[in-house]
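Here are the chains, one letter per residue:
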Amino acid sequence: MAERIPEEIINEIRKSVDIVDIISEYVQLKKQGRNYFGICPFHSENTPSFSVSPEKQIFHCFGCHAGGNVFSFLMDIEGISFQEAAIRLAEKANIPLELKTTSSHMRLPTETEKMMRAHELLRQFYHHILVNTNKGQEALEYLQQRNFTREIIDYFQIGYCLDEWDTSLKFLKAKGFDEDILEKAGLIIRGEKNNTYFDRFRGRIIFPISDYKGNTVAFSGRVLGNGQPKYLNSPETPIFQKSQTLFNFHNARVAIRKKQSVVLFEGFADCIAAFSAGIENGIGTMGTALTEEHIHLIKRNTDQVILCFDADMAGQNATLKAGEMLSNAGCVVRVAIIPDGKDPDEYIIKNGAELFKNVVIGGSIPFMSFKMRFFRIGKNLDNEGDRLAYIEKVLEEISKLDNAVERDIYLRQLAEEFSLSLDALKQQQRKIFYSIRRETTKDNAVKQQKLSLIKQDKKLPPAYYNAERLLIAHMLRNASFAMKVQDALKQVPFHIDEHQAIVTYLYAFYEDGNAPDLSNFLNFIQDQHLKNIVAEIGMMTISEEISDKEFKDYIKQISNYHYKLKIEEKIEEGKKAEREKDFIKAAEILKEIIALKKSL
Ligand SMILES: [Zn+2]
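The shown structure was predicted, so the numbers you read here are calculated from the model rather than taken from an experiment. The numbers attached to residues start from 1 for each chain and follow its sequence in the written order. With pLDDT at 70 or above as the cut-off, local features in this predicted model cover only qualifying residues; side-chain atom pairs require 80 or more to be listed or tallied, and sums for whole chains, interfaces and linings still use all residues. Hydrogens and water are ignored here; the side-chain numbers use all heavy atoms of the structure.

Peer 1: Is there a simple way to think about the nonpolar core in this case?
Peer 2: As a rule of thumb, nonpolar side chains are buried together in soluble globular proteins. Working definition of a nonpolar core: buried Ala, Val, Leu, Ile, Met, Phe, Trp, Tyr and Cys residues. They are joined through side-chain atoms within 4.5 Å. Partly exposed residues are those whose accessible area sits between 20% and 50% of the maximum for their type, while under 20% is buried and over 50% is exposed, using a 1.4 Å probe and protein chains only. Core analysis: the biggest nonpolar cluster contains 63 residues, and Leu130, Ile158, Leu172, Leu182 and Phe356 have the highest contact counts within it. At 10 residues, helix 6 (residues 111–132) tops the list of elements feeding residues into this core. By the convention used here, residues are in contact when the closest approach between their heavy atoms is within 4.5 Å. If we ignore the near neighbours within four places in the chain, the residues touching Leu172 are Ala118, Leu121, Leu122, Phe177, Leu182 and Leu187. The helix and strand labels rest on DSSP assignments: H or I over at least four residues marks a helix, E over at least two residues marks a strand, and numbering proceeds from the N terminus.

Peer 1: Whenever I open this one, helix 11 (residues 249–259) confuses me. Can you help?
Peer 2: What sets the pattern is the α-helix's 3.6 residues per turn: residues three or four places apart point alike. Listed as buried for helix 11 are Phe249, Ala252, Arg253, Ala255, Ile256 and Arg257. Looking at the buried residues of helix 11, the elements they touch are helix 3 (70–78), strand 12 (246–247), strand 13 (262–265), strand 14 (282–285) and helix 13 (292–299). Positive backbone phi, at 50°, marks Gln260, one or two positions downstream of helix 11.

Peer 1: What should I look at first to understand the environment of Pro54 in this one?
Peer 2: Its place among the elements puts Pro54 in the loop between strand 3 (50–53) and strand 4 (58–61). Overall, the relative accessible area of 26% leaves Pro54 in the partly exposed class. Residues Pro54 and Tyr36, 18 residues apart in the sequence, show an inter-C-alpha distance of 7.8 Å.

Peer 1: Would you take a moment to explain the coordination of the zinc ion for this structure?
Peer 2: Tetrahedral coordination by four donors puts the ideal angle at the metal at 109.5 degrees, and octahedral coordination by six puts it at 90 or 180 degrees. At the metal site, the zinc ion is ligated by Cys40 (SG), His43 (ND1), Cys61 (SG) and Cys64 (SG), and these contacts range over 2.1 to 2.3 Å. Around the zinc ion sit four donor atoms; with metal-centred angles ranging over 102 to 117°, the donor geometry is tetrahedral. Metal-coordinating donors are taken as N, O and S atoms lying within 2.8 Å of the metal, or within 3.2 Å when the metal is Na, K or Ca; because water is left out, some sites can appear incomplete. Geometry assignment treats four donors as tetrahedral when all angles are between 85 and 135 degrees, treats four as square planar and six as octahedral when opposite donors are over 155 degrees apart and all others between 65 and 115, and treats everything else as irregular.

Peer 1: Is there a simple way to explain the packing of helix 12 (residues 268–276) against helix 15 (residues 344–351) in this structure?
Peer 2: Relative placement of two packed helices is described by the angle separating their axes and the distance separating the axes. Contact geometry for helix 12 and helix 15: axes closest at 8 Å, N-to-C directions at 30°. Contacts from Ala269, Asp270, Ala273 and Ala274 in helix 12 reach Pro344, Asp345 and Ile348 in helix 15. When the residues that make up the contact of helix 12 with helix 15 are grouped by side-chain class, the tally is five nonpolar, no polar and two charged. Every axis corresponds to a line fitted to the C-alpha atoms, with the helix fit spanning only the stretch in contact, and the corresponding angles, defined between N-to-C directions, vary from 0 to 180 degrees. Put simply, Ala, Val, Leu, Ile, Met, Phe, Trp, Tyr, Cys and Pro go in the nonpolar bin, Asp, Glu, Lys and Arg in the charged bin, and everything else, Gly too, in the polar bin.

Peer 1: Explain the pairing of strand 2 (residues 35–38) here, please?
Peer 2: Taken residue by residue, a regular strand's side chains alternate between the two faces of the sheet. Direction of pairing for strand 1 (residues 30–32) relative to strand 2: antiparallel, over a ladder of three bridges. Its bridge partner lying in strand 2, Lys30 is registered against Phe37. Here, a strand pair is defined by DSSP locating no fewer than two bridges between the strands. In this structure, the hairpin formed by strand 1 and strand 2 is closed by a connection of two residues, where Gly33 is found at a positive phi of approximately 65°. With three bridges connecting them, strand 2 and strand 3 associate as antiparallel partners. Across the sheet, Tyr36 pairs through a bridge with Val52, a residue of strand 3.

Okay, structure coming up:
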C-alpha cells in the first residue's frame with residue numbers, strides 16, 4: 001500500500017510542474033489568448049473544446065465537462081490513484097518522494113513491487129531476444145508469416161524466450177532476485193528434487209499481459225509449430241488474477257474514452273488481430289467468463305460495449321451471459337456477428353481488415369436482436385409448440401427493455417415475422433411487462449427522477465443558477481469575498497446541490513488558512529463531479545472586481561428564489577389547514593406568508 005504523501009510535498013509538486021507541459025504529452029495544445037486549446041482526450045470531437053489555463057493551472061472541456069488540475073488529469077487519463085499521480089509528477093519535478101514519505105526508515109520494495117519488476121525486466125529481455133538476436137530469428141519469421149508487423153510486435157511488446165532450462169532464472173538472479181519471489185510470481189517452477197528450479201516459459205513466443213495500470217503482471221507463451229499446450233499462461237499470483245485482468249486495457253483506455261465504446265473479445269489473440277485491423281478500443285478477457293470486477297473497470301470509462309466472441313455455441317452462450325451482466329449494470333450492449341462459425345482472428349485472416357472493421361464491428365446489432373436470433377437456435381419454428389415457446393421468450397425479453405420505442409420496434413418485427421396481430425402481441429407483452437415492473441417499481445422511480453433532472457437541464461437555466469455560478473467564480477479568487485457571501489447567505493442555501501457542496505468545501509478551504517488557488521482547491525475536493533464543475537466555473541471569464549450592485553443583485557436572486565419556494569410551501573400548508581377547517585392554524589400561516597413576502 002502506498003503511504004500518504006504529506007500535504008507540503010503535494011504542494012511542492014503542484015508548484016513545480018506546469019499543467020501545460022504534462023497535458024502536452026497527451027494532447028496537442030495551441031495557444032489562443034490566455035489559454036491553450038486542443039482536441040479533448042476524453043471524448044470524441046473534431047473541433048478543439050478542451051482548454052488549459054496556465055495561469056490557473058486547470059483544464060476544462062466545454063464538450064464533455066471533464067475538468068480538474070494536473071493531478072486529476074493524470075488520474076483520469078492513466079486510470080491511476082491520486083497517490084500514483086503524485087508519484088509520477090514528483091519524478092518529473094525531481095522531487096525525491098521516497099525519502100520524504102517515509103518518516104523513520106527507508107522503505108524496501110514490497111513483494112508485489114518485486115514481482116512486477118521481475119516481469120518488467122523479463123518483458124524487455126524477451127522482446128530484445130525476439131527482435132534483436134539470431135536466436136529469435138525463427139520466432140520472428142514465424143510471427144511475420146502470421147501477419148504480425150514490426151509495429152504490432154513493438155506495440156504489444158511481444159517477445160521470445162529461449163528453449164533452455166534456466167535462462168530467465170539466471171537473468172533475474174543476476175539482477176538480485178531470489179528463487180522464492182520468482183516462484184511466487186509464477187516465473188519459475190520448483191523441480192522434483194528440492195531446490196532445483198527451472199523456467200516456466202521455454203521456447204515460446206511471449207505475449208506480456210499487464211494490469212489496468214500498465215504493469216506487466218503475467219505472460220502467455222505460444223509454441224512455435226504444433227507442440228502442446230498451444231498456449232501456456234502464468235498461473236494466478238498475488239499480482240495476476242484473471243477475474244480482474246483485461247488484456248490491452250491500459251493501452252486501449254484513451255481510445256475507449258475517445259470513441260466512448262469498447263470492443264470486448266474472448267482472448268488476447270483476437271484482440272491483437274483486431275488491433276491490426278484497426279480496432280484500437282479492443283480489450284480481451286483472459287480465457288475466463290466476464291466478472292463484476294471486469295464490468296466495474298469497463299464502466300469507469302464507457303457504458304457502450306460491443307461483444308465480439310467466437311461464433312461457436314460456447315461463444316454464443318458466453319455472449320448471452322456477458323450481455324445480460326453488462327445490461328444489468330446499465331451498459332448499452334451490441335453484438336458483432338461473425339459469419340460462418342469463425343473466431344475473429346480466423347475471420348480477419350480470411351476476409352481482411354476492412355470487412356472486419358466495417359461489416360463485423362461496424363455492423364454490430366443491438367443485444368435484443370442478438371437474443372432474438374439466439375433463442376431460435378435448436379428450435380423448429382415450423383412446429384407450433386416451438387414457435388409459441390419462442391414468441392413467449394422473446395416477449396419476456398422485450399418487456400425488460402426500458403425504452404417504449406424500442407419495445408415497439410421488436411414487437412413489430414415479431415408480428416411481421418409470424419403474421420400475428422400487433423395489438424394482441426402488445427396486450428400480451430403488457431401483461432408480462434407489468435408483472436416484471438411490479439418487482440422493480442423502486443428502480444424505476446429512481447430512473448424517472450434522473451430523467452426529469454436531465455429534462456430540467458435542457459431548459460434555460462434560471463436566474464439564481466447564473467447568480468450562484470458568478471458568485472462562486474469570484475469566491476474562488478477572493479477569500480474575503482467568500483466570507484462576505486457566507487455572511488450574506490446565512491439563512492439561505494445555494495439552490496443547486498453541487499454549488500452548495502462546492503461553497504461548503506471552499507469555506508473550509510479558506511478556514512484552513514489556504515490562499516485562493518484553483519489548482520490547490522481542486523486537490524482539496526474529493527468528488528470528481530464537483531471537480532469538473534469547479535474547473536468549469538474557474539474557466540469563466542469574469543471581471544477582476546465585483547461591484548457592490550452586482551453582489552447585491554446575485555444575493556437577491558438567490559434569496560428571492562428561496563423565499564418564493566418557502567411561500568409556495570406555506571400556501572399549500574394554509575390550503576390544507578382550511579380544508580381541515582383548522583382556521584386558527586390557517587391564520588397563523590397567513591401571517592407567516594406576509595412576513596416572508598416582506599423578506600422578498
Ligand atoms: Zn471533452
